[in-house]
Amino acid sequence: MSKITAAITAVGSYVPDFVMTNKILETLVDTNDEWITTRTGIKERRILKGEGLGTSYLAIKAAEQLLEKQKLDPKEIELIIVATATPDMMVAATAAYVASEIGATNAFAYDLQAACSSFLYGMSTAASYIESGRYKKVLLIGADKMSSIIDYTDRTTCIIFGDGAGAALFEPNNEGLGLQDEYLRSDGVGRNFLKMDAGGSLLPASEETVKNRQHFIYQDGKSVFKFAVTNMADSAAKIMERNNLSHEDVDWLVPHQANKRIIDATSNRMGLEDSKVMMNIQRYGNTTSATLPLLLSDYERQLKKGDNLVFAAFGGGFTWGSIYLKWAYNS
Ligand code: UT7
């Protein structure tokens, strides 16, 4: 009997309508379009406006697009994982609400948090359920409303992040397509370089934490940059080496969209020409858990069955890694 592999069989995505351009940011903080473009590659990002709309709103929209495209009955989904660093609430699982709202009444659902590596780690989790034969339809959604934890007076972070969501359906494959290998790592040394101090069990919310702006994301950009460049490139190189993939064998790099310079460093290390590197950071900025599925959705039409994709991500914690996946369909 051939081994069951876990393939991505459909994708969907959603970004909110409001476009926050570099020009708008120039009116909020001491920055300029030229600095943002040359240092990060970002031109604009999407922001979710409107009272009472959290990350679930983005996740539901992305899932609904996938269901509609695939003509999939949500009742067939057995598990929904929402990869997110900005859940609707600290305690009630966002995924449970998303499942109910899209009509996935036969699914169980939970959230997975690993900062910007949430979706990458989620791919490993989703694939494991499929490979084991335990479930046949697992929906992985990467969604973040980063604007809910961004300080729009802090020019070092507010220029980077945006809101968005993407979804991917994992199903069994008997042609050997889908997830082939993974190299995932973490290191707590990174905890203080990229974090949101308050609101967790270590420092619960208080008047003091609000006053000190500790419910916003903090980043020591330079330090994170150094770790990200080294580790994203190293893990992508490692996955190529382990699977005997030359730069010619790799059809696409699917890199976390944190900074164009980090993406370029990773693709250079892999020896890839620009045409093989998925990139949409200029339009969405860093959407944290949504970057990878947003790329898949944007590039879906160019992907061919059998294409070799190398995913790479790096995030707070630190968390990082790389996944080698064979694309399973032509759209
Ligand atoms: O997704 C999770 C992982 N996150 C990352 O991978 C992000 C990693 N870090 C980065 O992408 C970059 O470090 C940043 C984009 C955050 C910053 O770029 P940088 O090239 O590392 O800039 P820097 O922090 O070294 O700052 C350079 C200069 C400083 O001025 P001085 O000290 O040289 O006078 C900053 O004050 O740029 C200044 N600066 C700005 N200037 C205009 C910092 N932010 C801004 C800004 N606009 N928004």
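About the thresholds
- One numbering rule holds for all chains: residues counted from 1, following each sequence as written.
- In keeping with the predicted nature of the model, local features appear solely for residues at pLDDT of at least 70, side-chain atom pairs appear and are counted solely at 80 or more, and the whole-chain, interface and lining totals rest on all residues.
- Computation of side-chain values: all heavy atoms of the structure, hydrogens and water removed.
- Residues enter patches when they are more than 30% accessible in relative terms and free of salt bridges; like-charged ones are connected within 9 Å and nonpolar ones (Val, Leu, Ile, Met, Phe, Trp, Tyr) within 5 Å.
- Every accessible area reported is derived by Shrake-Rupley at a probe size of 1.4 Å, with residue values counting cover from the shown protein chains alone.
- Every case where a carboxyl oxygen of Asp or Glu lies within 4 Å of a side-chain nitrogen of Lys or Arg is listed as a salt bridge.
- Neither His nor the chain ends is counted toward charge; the positive residues are Lys and Arg and the negative residues Asp and Glu.
- A single reference atom marks each charge: NZ on Lys, CZ on Arg, CG on Asp, CD on Glu.
- Here a helix means four or more residues in a row that DSSP labels H or I, a strand means two or more in a row labelled E, and each is numbered from the N terminus.
- Accessible area is worked out with a 1.4 Å probe on protein chains only. A residue is then buried under 20% of its type maximum, exposed over 50%, and partly exposed in between.
- Proximity is defined per residue: if any heavy atom of the residue lies within 4 Å of a molecule or strand, that residue is considered near it.
- Polar contact is the term for a pair of N or O atoms within 3.5 Å; when the atoms are in protein, one must be able to donate a hydrogen and the other to accept it, and sequence-neighboring residues count only if both atoms are side-chain atoms.
- Nonpolar residues are Ala, Val, Leu, Ile, Met, Phe, Trp, Tyr, Cys and Pro. Charged residues are Asp, Glu, Lys and Arg, and all others, Gly as well, are polar.
- An automatic or database domain assignment supplies the residue ranges for each domain.
- For Phe, Tyr and Trp, where Trp contributes only its six-membered ring, two rings pair if their centres lie within 6.5 Å, and the inter-plane angle classes them as stacked under 30 degrees, edge-to-face over 60, or tilted in between.

A.B. asks: Could you give an account of a positive patch on the surface, with specific residues and numbers?
C.D. replies: A contiguous patch of positive charge on the surface is contributed by Arg 39, Lys 222, Lys 226 and Arg 261. Within the secondary structure, Lys 226 sits in helix α8 (residues 221-242). A relative accessible area of 57% places Lys 226 in the exposed class.

A.B. asks: Can you explain the site of the ligand? Please cite residues and give values.
C.D. replies: Around the ligand lies a shell of 23 residues, among which Thr 31, Arg 39, Lys 222, Asn 259 and Asn 286 are the nearest. Contacts to the ligand include Thr 31, whose side-chain N or O atom sits 2.7 Å from a nitrogen atom. In the model, an oxygen atom of the ligand is placed 2.6 Å from a nitrogen or oxygen of the Lys 222 side chain. For the ligand, whose unbound accessible area comes to 950 Å², protein coverage reaches 75%. Of all elements in the fold, only α2 (33-40), α8 and α9 (260-270) reach the threshold of two or more residues within the shell around the ligand. Residue classes in the shell around the ligand are distributed as 11 nonpolar, 7 polar and 5 charged. Both domains that furnish three or more residues to the shell around the ligand are identified here as domain 1 (5-176) and domain 2 (179-326).

A.B. asks: Before we move on, could you go through the packing of aromatic side chains and cite the residues and values that matter?
C.D. replies: One pass over the structure, following the stated rule, counts 12 aromatic pairs. Pairing Trp 327 with Tyr 329 gives two aromatic rings, centres 5.0 Å apart and planes at 40 degrees, and the pair type is tilted. According to the relative accessible area criterion, Tyr 329 is buried, its value standing at 14%. Here the aromatic residues Phe 193, Phe 227, Phe 314, Phe 318 and Trp 320 are joined through ring pairs into a cluster of three or more.

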